[in-house]
Amino acid sequence: MMPKIHISKYRMIGIYTNLVLLACSLFLVFAMKIDDLQFWGLYGFWVSAILYAVYAIVNHRMITPFSLFFISFCVFQFGQFYLYGFGVDYGYVFEHPFYSKYIDPEEIFIVAKFTLLSIQALMLAGVSVGVREERFQLEENSEDVFHLKRVGKLMFWISLPAAVIITSTQVLLAVRYGYESLRTGTTGSLLQSLGIFNRLMVFYAPSLILLWILSAKKRKTQVIYELLMLVHIVSYLIVGQRTIGLGLAGTLMLLKLNQAKKIKPRTILILVLVTVSLMGLSNYVAEARLANASESFGLQTLMSGVINFVGSCGWSAFPLMVIVGATPNPISFAHGLSYLGSMLSFFPSFIDISGMLKDVLAYVSEDWLTVYAKTTFGIGYSLTAEAYYNFAWYGIIAIFIIGLILAWILNTTKKNLTPFKYYVQMSMTYALFTLPRRGIYDMFNYLFYFVFIYWLLFKMSKMMYGKNKVLE
C-alpha cells in the first residue's frame, strides 16, 4: 500500500523554494545564456547547499536515505564543476586532452547546465514526496520477524563463502599487484572466472543489513554484524571500490542514527568529521596502492584527499560529455527506448515472437558509447547521460520522475513501518548510492535482487511454515 503523503506548511514552503530556485536557474540558462563555467560551478554549489538545507528543515532531519542519495548524485554528476567554481587546481575531465575531444568547447556549458537543472529536478521530487516520520520499533516475537530471520540467515550463509572468496582474492591481488590487476591480465581473467561467486556475493551486504535490523534488541549480535560490515567497507577501500564502501558506511551510519532515541548536535558534527575522514582516507589508500601516497596521513593530506575524492567521483560527467557531443548527429536521440528496454529486460526472450523486444532491449546496452568513442574501456551511462540521450533537455523531466520513484523508496521513515519495509529502505540506500553514475537498468536490477528475491523468499517461508513463531 502506498504511504500516505504528509503535507505540512514546511513541505509547501520547501516545494515553493525549490520552484523559485528552479525558475531562476531556467532564466539564467535559457534567457541570460551565461557561458561562464566558474559561475555555474559556484552557483551550482550554493543552489545544492540551499536545496539540501531546505530538505533537512522540511523533514526535520539532517540525514535521511534520500539526502544521502542526493549528495551522491551531486558529487558524481557535478563534483568537478564544484571544484572548478572555487578555482581548485585539478585535472578536470573537460580540460583533459583525450576526454575533452569528444565534445566541442561550447557544449561543455550544456553539460554543466543540464546537470544542475537535473539536481534541482531531483530535489524537487524528493521534497514533494514525504511521509510522517516514525521511529522503527521491532516487535521481536512477531510472525514477520520469524520468517524474515529465516530469509536473512539463509541468504547470509549462502553468500558468506562467496563474499570471503571474492573479497580475500581481490584484496590479496590488489595489495600484491595493484588495483589495475583486478581488471586486466591473468588476474583479471581469474576474477571473471568466479562469476557464480560474484552473483551470490550480491546478497551478502543486504543480508547483513536485514539481520542487523532484526537484532534491534540484541546489541551484542548487532555488533557482530557491524564488524562484518566494517570489514567489508575496508575491503572495498583497498580494492578501489571506494564509493561502494562509503555507501555501506553511510547506510550503517543511518541505521545507527535511526535507532538512537535522540540525536545531539555533537553527534552530527562527529559524523561529518568521520565522513570527511573516510573520504580523505579512501583517497590516501588509493594513492598508496599506486605508491604515490605521502609518508604520513595529516590534515593537509586529508584535505587533499577530500578534493581528489570529489574530483575522481566527478569524472562521471564524462558519459554526458560524450552523449552531448554525439547527439543528435551522428547519434539520434532514443526517445525513451532505453528506459522502456530496462523495464522489459526481465521478460523472458521466448515471448518475443515478433522480434520487437530484442530491438528495444538493444537500447539498454551502453556498448555503442564505447564503439562511438573508440575507447579501450567501457564508458557506460550515468543517470543524467541516459536522460539526455533519451530526451535532450526534456530529460530533466525524466530525472524528476525517477526522483519521485526513488523518493517513494528512500524518503523519510514510513508510518506503521514493518521490518521488511525498513529493510527495503535501508538496503536500497546502500544499493542506490552509486546509481548516479549508472543507468536506470541498474535501479531495476537492485530492486530485483535486493527487494523482489527477499520478498519472494519471505512469502515462501510464510506459506511453508504458516504462523509459527520462534520465542527466543
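It should be emphasised that the depicted structure is a prediction, and the values quoted were computed from it without experimental measurement.

Regarding the overall build of the protein
- The helix and strand inventory of the protein stands at 20 helices and zero strands.
- Within the structure as shown, the protein displays about 22600 Å² of accessible surface, and the carbon and sulfur contribution to it stands at 66%.

Here we look at the environment of Val451
- Here Val451 lies in helix 20 (residues 440-465).
- Take Val451: its relative accessible area is 16%, and that puts it in the buried class.
- Contact partners of Val451, with chain neighbours within four places excluded, come to Phe420, Val424, Met428 and Tyr446.

Quick notes on the nonpolar core
- Counting 135 residues, the largest nonpolar core has Phe69, Phe81, Tyr423, Met428 and Leu432 as the members making the most contacts within it.
- The biggest single contributor to this core is helix 4 (residues 108-128), with 13 residues.
- Sequence-distant contacts of Tyr423, that is, excluding residues within four places in its chain, are made with Pro206, Ile209, Leu210, Ile213, Met428, Phe450 and Tyr454.

A look at the packing of aromatic side chains
- Applying the stated criterion across every chain yields a total of 40 aromatic pairs.
- Geometrically, the ring pair formed by Phe114 and Trp393 is edge-to-face, given 6.0 Å between the ring centres and 70° between the ring planes. Linking Phe114 in helix 4 with Trp393 in the loop between helix 17 (383-391) and helix 18 (395-410), this pair joins segments that are 279 residues apart in sequence.
- You can call Phe114 buried: its relative accessible area is 0%.

Some details on unusual backbone geometry
- The linkage connecting Thr327 with the following residue, Pro328, adopts the cis geometry, with an omega of -5°.
- Position of Pro328 relative to the elements: it lies in the loop between helix 13 (318-326) and helix 14 (337-344).
- Put simply, Asn329 and Pro330 share a cis peptide bond, and its omega is 15°.
- Relative to the helices and strands, Pro330 is located in the loop between helix 13 and helix 14.
- The backbone phi angle of Lys374 is positive, close to 55°, even though this residue is not glycine.
- Looking at where Lys374 falls in the secondary structure, it is placed in the loop between helix 16 (367-373) and helix 17.
- According to the relative accessible area criterion, Lys374 is exposed, its value standing at 73%.

Structural notes on the confidence of the model for the protein
- Mean pLDDT for the protein: 84, with 82% of residues reaching 70 or above.
- Of all the helices and strands in the protein, helix 6 (residues 185-192) carries the lowest mean pLDDT, 65, while helix 4 carries the highest, 95.

Quick look at the pattern of salt bridges
- The tally for this structure, following the rule as stated, stands at four salt bridges.
- Between Lys113 and Asp35 there is a salt bridge, with the nearest N and O atoms lying 2.9 Å from each other. Taken as a pair, Lys113 in helix 4 and Asp35 in the loop between helix 1 (9-32) and helix 2 (37-59) lie far apart in primary sequence, 78 residues in all.
- Here Lys113 falls in the buried class, since its relative accessible area comes to 7%.
- Taking relative accessible area as the criterion, Asp35 reaches 49% and is therefore assigned partly exposed.
- Between Glu226 and Arg219 there is a salt bridge, and its shortest N-O distance comes to 2.7 Å.
- Accessibility expressed as a relative area gives 40% for Arg219, which makes it partly exposed.
- Residues participating in the shared-partner salt-bridge network are Arg219, Glu226 and Lys256.

Let's talk about the packing of helix 8 (residues 204-214) against helix 19 (residues 419-431)
- One can describe the packing of helix 8 onto helix 19 by two numbers: an axis separation of 9 Å at closest approach and a directional angle of 140°. For the element pair helix 8 / helix 19, the angle class is oblique. In this structure, helix 8 crosses over helix 19, and the sense of that crossing is right-handed. Mapping the contact onto sequence places Ala205, Pro206, Ile209, Leu210, Ile213 and Leu214 in helix 8 and Pro419, Tyr422, Tyr423, Met426, Ser427 and Tyr430 in helix 19.
- Residue classes in the contact of helix 8 with helix 19 are distributed as 11 nonpolar, one polar and no charged.

Digging into helix 2
- For helix 2, which comprises 23 residues, the first-to-last C-alpha distance of 33 Å matches the rise-based estimate of 33 Å (1.5 Å per residue) to within 8%.
- The N-terminus of helix 2 is capped by Asp36, whose side-chain oxygen sits 3.1 Å from the backbone nitrogen of Gln38.
- Two residues or fewer after helix 2 comes His60, characterised by a positive phi angle close to 60°.

Considering a nonpolar patch on the surface
- On the surface, a nonpolar cluster with roughly 720 Å² of combined accessible area is contributed by Phe452, Trp455, Leu456, Met460, Met463, Met464 and Tyr465.
- Mapped onto the elements of the fold, Phe452 is located in helix 20.

Concerning the side chain of Gln77
- Of note, Gln77 is situated in helix 3 (residues 65-85).
- In this structure Gln77 comes out as buried when scored by relative accessible area, which is 2%.
- Ignoring anything within four residues of it in the chain, the contact list for Gln77 reads Thr115, Ser316, Ala317, Ser382, Leu383, Thr384, Pro436 and Arg437.

Structural notes on the environment of Leu68
- In this structure, Leu68 sits in helix 3.
- Residue Leu68 is classed as buried on the basis of its relative accessible area of 11%.
- When near neighbours in sequence (up to four residues on either side) are disregarded, Leu68 contacts Ile63, Gly250, Met253, Leu254, Thr429 and Phe433.

Describing the packing of helix 9 (residues 219-238) against helix 10 (residues 242-259)
- Taken N-terminus to C-terminus, the directions of helix 9 and helix 10 make an angle of 160°; their axes are 7 Å apart at the nearest point. With respect to each other, helix 9 and helix 10 are oriented roughly antiparallel. Handedness of the helix 9/helix 10 crossing: left-handed. Residue-level inspection shows Arg219, Gln222, Glu226, Met229, Leu230, His232, Ile233, Tyr236 and Leu237 of helix 9 in contact with helix 10, the latter providing Arg242, Ile244, Gly245, Leu248, Ala249, Leu252, Lys256 and Gln259.
- Taken together, the residues that form the contact of helix 9 with helix 10 break down as nine nonpolar, four polar and four charged.

Here is what the cut-offs are and how they apply
Every chain is numbered independently, its residues counted from 1 as its sequence is written. Only residues with pLDDT of 70 or above have their local features reported here, since the model is predicted, and side-chain atom pairs are shown and tallied only from 80 upward, although totals for entire chains, interfaces and linings are computed over all residues. The basis for every side-chain value is the complete set of non-hydrogen atoms in the structure, without hydrogens or water. For the purposes of this entry, the term helix denotes a DSSP run of H or I that reaches at least four residues, the term strand denotes a run of E that reaches at least two, and both are numbered from the N terminus. All accessible-area figures derive from a Shrake-Rupley calculation using a 1.4 Å probe, and residue coverage is judged against the displayed protein chains alone. Note on exposure labels: buried denotes an accessible area under 20% of the residue type's maximum, exposed denotes more than 50%, and partly exposed covers the range between, all computed with a 1.4 Å probe on protein chains only. Two residues form a contact once any of their heavy atoms are found within 4.5 Å. Within this scheme, the nonpolar core is defined by two criteria: the residues are buried Ala, Val, Leu, Ile, Met, Phe, Trp, Tyr or Cys, and they are joined through side-chain atoms within 4.5 Å. Pairing of aromatic side chains requires ring centres within 6.5 Å, counting the rings of Phe and Tyr and the six-membered ring of Trp. Pairs whose planes differ by under 30 degrees are stacked, by over 60 edge-to-face, and all others tilted. Summary of the metric used: pLDDT quantifies the predictor's per-residue confidence within the range 0 to 100. When a carboxyl oxygen of Asp or Glu lies within 4 Å of a side-chain nitrogen of Lys or Arg, that pair is called a salt bridge. An axis is simply a line fitted to the C-alpha atoms; with a helix, the fit covers only the stretch in contact. Between two such axes, the angle follows the N-to-C directions and lies from 0 to 180 degrees. An angle below 35 degrees is read as roughly parallel, one above 145 as roughly antiparallel, one from 65 to 115 as roughly perpendicular, and any other as oblique. Throughout, a crossing is termed right-handed when the near helix is turned clockwise from the far one, and left-handed when it is turned anticlockwise from it by less than a right angle. Residues are sorted three ways: Asp, Glu, Lys and Arg are charged, Ala, Val, Leu, Ile, Met, Phe, Trp, Tyr, Cys and Pro are nonpolar, and all the rest, Gly among them, are polar. Expected helix span is computed as 1.5 Å times (number of residues minus one). Two N or O atoms form a polar contact when they lie within 3.5 Å of each other; inside protein one atom must be a possible hydrogen donor and the other a possible acceptor, and for residues adjacent in sequence the pair counts only when both atoms belong to side chains. What makes a patch is a set of residues exposed beyond 30% relative accessible area and free of salt bridges, joined within 9 Å when like-charged and within 5 Å when nonpolar (Val, Leu, Ile, Met, Phe, Trp, Tyr).

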